[in-house]
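Below, each chain spelled out in residue letters.
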Amino acid sequence: MKTNDYIIKTAPRQDLNIAIDWALKEGWNPGLYDADCYHSADTNGFLIGWLGDEAIATISAVKYNNRFGFLGFYIVKPEYRGKGYGRQIWNAGMDTLKNCNIGLDGVVEQQEKYQQYGFRLAYRNIRYQDFGGGQYPKDAQIIKLASVPFEAIERYELPYFPEQRSTFLNSWISQPESIALGIQQDQQLLGYGVMRRCFSGYKIGPLFADTPALAESLFLALKSHANDSEPVYLDIPESNPEALALVKRFNMTVVFETARMYKDAIPDLPINNIYGITSFEIG
């Protein structure tokens, strides 16, 4: 169904709150400050479909450069689904990322549709839940990430994402109500993680580390900053066996899953060092 009143527009920062609100209603539990961080990645990367003066559809099409982009926030208000509005905003997002390799995290009920659009499965991401508290690991050389020169964090981060994302990274590791920690040996950064406040509890992401032991130390250090009554979530790539072993050691519970999919080549990332992905929405 098409009407002349349906217009798709680039969303200014304040309208990203619409996408965040809808994501919350979908049960995705976004972070309290996600909108600011996501907008920093690409100020033109968020689209809203308007029917008259009513917002009825959203999608993010964050373009990191001319080679890679990421789709997310693909939501149509329930009463407008099945009427063609979603397909139109999908096409607009795809057009924004024309000639780019495109990544996305597809919810279970949409994965077959994405395959029909030409996306290929790389691996499943699975969200696990724990609770905060616990002892801070005393034997690890854990430091506040803010004490590390940003250039060193950039260098460490570079292999973990298909393209450089410095502006977003700087915003993400310094957002309010978050804790960002690194782990060092001989003044060399060997891992880092961020835990941010969400509408329910906290999410840890990313969690990157050179070894399983370092990843566990970072995980314990991060979650120790949350109250023991608050949920803490970790989104792991299922294809990392050590990440699976980590969540099993702590008896964490599966609460959600997505499929990481790519339109073209699947990037060659150090998946065995990824214990928590950054975001289902922008990669």
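Everything numeric here is computed off the predicted structure, so don't read it as measured data.

A. Representation of the layout of surface pockets. The volume enclosed by the largest pocket comes to roughly 640 Å³. Lining the largest pocket we find 34 residues, and of these Tyr 74, Ile 75, Val 107, Gln 110 and Tyr 114 sit closest to its centre. Among the secondary structure elements, those contributing two or more residues to the lining of the largest pocket are strand E4 (68-76), helix H3 (85-96), strand E5 (101-107), helix H4 (111-116) and strand E12 (253-262). Element by element, the count of residues in the lining of the largest pocket is highest for E4, at six residues. Among the residues forming the lining of the largest pocket, the class breakdown is 16 nonpolar, seven polar and eleven charged. Taken as a whole, the second largest pocket holds about 170 Å³ of empty space. Residue lining of the second largest pocket: Lys 144, Leu 145, Ala 146, Val 148, Phe 150, Ile 153, Asn 170, Ile 173, Ser 174, Ser 178, Ile 179 and Ala 180, and that is the complete set. Listed by contribution, the elements that provide at least two residues to the lining of the second largest pocket are helix H5 (150-157) and strand E8 (178-185).

B. Inspection of H3 at higher detail. Compared with the 16 Å implied by 1.5 Å per residue over twelve residues, the 17 Å span of H3 between its first and last C-alpha is a close match. Among all positions in H3, only Tyr 85, Gly 86, Ile 89, Trp 90, Gly 93 and Met 94 are buried.

C. Highlighting the environment of Glu 230. Here Glu 230 lies in the loop between helix H7 (212-223) and strand E11 (231-237). Exposure remark for Glu 230: the relative accessible area of 18% places this residue in the buried category. On a C-alpha basis, the gap between Glu 230 and Ser 217 in space is 20 Å, while along the polypeptide they are 13 residues apart. The contacts of Glu 230, once residues within four sequence positions are left out, are Asp 130, Phe 131, Gly 132, Arg 197 and Tyr 202. Side-chain polar atoms of Glu 230 contact the side chain of Arg 197, separated by 2.7 Å.

What counts and what doesn't
- Residues numbered from 1 in each chain as written.
- Predicted model: local features only at pLDDT ≥ 70, side-chain atom pairs only at ≥ 80, totals over all residues.
- Heavy atoms only, no water.
- 1 Å grid on protein atoms, 1.4 Å probe; cavity = no way out; pocket = protein on both sides within 12 Å on 5 of 7 lines; lining within 4 Å.
- Points joined across faces, edges and corners; volume = space filled by probe spheres on them.
- Helix = DSSP H or I, 4+ residues; strand = E, 2+ residues; numbered from the N terminus.
- Nonpolar A, V, L, I, M, F, W, Y, C, P; charged D, E, K, R; others polar.
- Expected span 1.5 Å × (residues − 1).
- Buried < 20%, exposed > 50% of the residue type's maximum accessible area, 1.4 Å probe, protein only.
- Contact = heavy atoms within 4.5 Å.
- Polar contact = N/O pair within 3.5 Å; in protein donor to acceptor, adjacent residues only side chain to side chain.

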